[in-house]
Amino acid sequence: MQHVVVGTAGHIDHGKTELVKALTGINPDRLKEEQQRGITIDIGFAPLPLGPDVTIGFVDVPGHERFVKNMLAGAWGIDVVLLVVAADESIKPQTREHFEICSLLQVPRGIVALTKIDLVDAEMRELVALEVRDFVRGSFLEGAPIVPVSARTGEGLELLKAELAAQAVPARSSGAASVMRLPVDRSFSIKGFGTVVTGTLVSGTLAEGDEVAVYPAGTPARVRGLQAHGRSVPRASAGQRTAVNLHGLDASSVRRGDVLARPGELAPSSLLDVKLRLLEGAPAALRDLARVRFHQGTIELMARVKLLGRARLEPGQETFAQLRLERPGCCLPADRFVIRRYSPPVTIGGGSVVDAHPRKHRGAAPGELLDALERLGTGDPEGSILVHLEAEPWGVSLAGLSLRSGRSPEEVARALETLAARGAAVRAGGAALASGAMETLSGRVRETLASYHAAHPLRAGMPREELRERALRGAPADVARLVIERLAAGGEVADRRDTLSLTSHAVRLSAAEESAMWKLEGLFRVEGLNPPSQEDLVRDHGFEPRLADKMIHLLLADGKLVRIRDGKIFHAAALDGLKRRLWELREQRPVIDIGSFKELTGTSRKNAIPLLEHLDAVKVTRRKGSDREILPPPGG
């Protein structure tokens, strides 16, 4: 089954709604005021089945200039435009504005319906058709069918249906890899069902039971039921007019302009980098930081236009710009948009989103920025993802790449595989970085270790967490881990679990220092589970404080001493001996109390409690009330 969304466009009172009603048997004007006044105020919808394989979903939009923002909410996401021109009036102001809007949104194809032909003779009908052909020349509607039709008499309706069926060409991606999005154009509550939102599913698929979020707030909800083109369905696909029954939120918390998507797949932003074109018929040039009305999807937001690389944009010209939204919106790269003057609200231009989460640009745009935007604008997945990687010197998570690029995690993973094969990027678990950034971060680690060794020549290495904080603070954990692993694998860094050092670094001790180190180690070995404190070393054994501190660091790095959680330091041999004794004791007594532990170790309560907590942490014992259960030895 092919689903095609057809949007009407045209001047007020040219017969858009009557034509949809004649084709479908449904009056899309749902509001009482619309039916009383005989004009369309808001968006209307009606399905038209065309045989077993094609369903048309009509989006009927208002033609009055006061309701163009409603027209824009309906125009986004349509596959085919049905441009309606009355044979008794020909081209009118809203015909032009609606046509320009469809051009700016890059609606791919369309049909011209020449309506009200029952009111004119054949000569007038032909004259207006010639005017229409001239009007659309050089546009996406050049060569499009022009179908004379009368909603009152029915003349031409079957021919129009045939032309609509011919437009049913699959035009959207509906695979599982697409980011699911449904811009909301209506939200209401039905007794017994709850909240219902409607819109065109512009990408991805949606099924009953799916967990979703309403953006920009990110409010979670669950899909309770679905209708597509007026029929209940278990799953909706891209291109379908969809009504979604949501569980978990009130209708008042959802409004036109919100977007339904999967949790975590969209992020609000107040900044957008865009490619912007000013219409040739725009009434004036666009100045830097001019205030405009921004229309994208079903939302209207106020924005300032920061022109990049120029101070003003003349009618008919195109440039890169940054839109600074006055309220956050949710866009993805390649989304089409329209801008209108703030006052009076007249359509003046539009374009496409290049970067949906940029940094704020100030002053003149550097050449590197404009070059990056050119590369982002090509639509090449590998190229755009590489631009985002190059902009993040610390690396970026795959989830962040998905948000920045507007591509699904699966698409990001495939692009990274290609970039890695080319040597342009490096995958680091749940993150990635450009190859150049990998070398830069490796250099930072080398420099930081070299500085540390120079400042602390008697220390075997730098604590791992200190290195991470000083050299790799902004990097995701997976990136930091990979940088160190690669340096270690390449023989540049020695990794001693808790400390890191350059492999070229060696501790060089004087004869006096070496003698002090062996003496200090001997003291800890002899004292066993009642080790001396650093104060004891100074007071009772004559060690100079700074020298004692340096020797302890060396012995800790070498693994001869071990610092447990509360800061106490023991000889590694004493702790290993304690583990063996406990495992031997387990044969007769698998549970030990504190008193028995003190008797076994010959240590004071001051040391016994920290030792037991250390043994719990290394899974030699497990707390059981006030006692400890002795766990079996590894492999035992």
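Residues numbered from 1 in each chain as written. Predicted model: local features only at pLDDT ≥ 70, side-chain atom pairs only at ≥ 80, totals over all residues. Heavy atoms only, no water.

### Here we look at the sheet that holds strand β34 (residues 621-624)
Right, so step 1: Taken in spatial order, the 3 strands of this open sheet run β33-β35-β34, and their pairing is antiparallel. In this open sheet, the two edge strands, each paired with only one partner strand, are β33 (591-592) and β34.
Right, so step 2: Looking at chain direction, β33 and strand β35 (residues 627-630) are connected through 2 bridges and run antiparallel. Counterpart to V591 in the pairing with β35 is E629. (Pairing = 2+ DSSP bridges. Helix = DSSP H or I, 4+ residues; strand = E, 2+ residues; numbered from the N terminus.)

### Focus: the sheet that holds strand β24 (residues 347-355)
Right, so step 1: An order of β17-β22-β20-β19-β23-β24 is seen for the 6 strands of this closed barrel, with the pairing classed as antiparallel. Strand-to-strand, the axes of this sheet are offset by a mean angle of 45°, without reference to chain direction.
Right, so step 2: For strand β17 (residues 269-278) and strand β22 (residues 318-329), the ladder comprises 8 bridges, and the chain directions are antiparallel. Looking at the pairing, K275 lines up with F320 of β22.
Right, so step 3: Helix α4 (residues 93-104) rests against β17, β23 (336-341) and β24 of the sheet, and its axis sits at about 15° to β24. (Axes fitted to C-alpha atoms, helices over the stretch in contact; angles between N-to-C directions. Contact = heavy atoms within 4.5 Å.)

### Quick look at the packing of aromatic side chains
Right, so step 1: Scanning the entire structure with this criterion turns up 3 aromatic pairs.
Right, so step 2: Where F99 meets F135, the ring centres are 4.8 Å apart and the plane angle is 50°; that geometry is what we call tilted. Of this pair, F99 sits in helix α4 while F135 sits in helix α5 (residues 122-136), placing them 36 residues apart in sequence. The exposure classification of F99 matches that of F135, with both residues buried. (Phe/Tyr/Trp six-rings, centres within 6.5 Å; stacked < 30°, edge-to-face > 60°. Buried < 20%, exposed > 50% of the residue type's maximum accessible area, 1.4 Å probe, protein only.)

### Considerations on the environment of S269
Right, so step 1: Within the fold, S269 resides in strand β17.
Right, so step 2: Between the C-alpha atoms of S269 and C331, which are 62 residues apart in sequence, the distance is 7.9 Å.
Right, so step 3: Contacts of S269, omitting those with residues within four sequence positions, involve L325, P328, G329, A356 and H357.
Right, so step 4: There is a polar contact of 2.8 Å between the side chain of S269 and the backbone oxygen of L271.
Right, so step 5: Side-chain polar atoms of S269 contact the backbone oxygen of A356, separated by 3.1 Å. (Polar contact = N/O pair within 3.5 Å; in protein donor to acceptor, adjacent residues only side chain to side chain.)

Interpretation note: all reported values are geometric properties and have no functional meaning in isolation.
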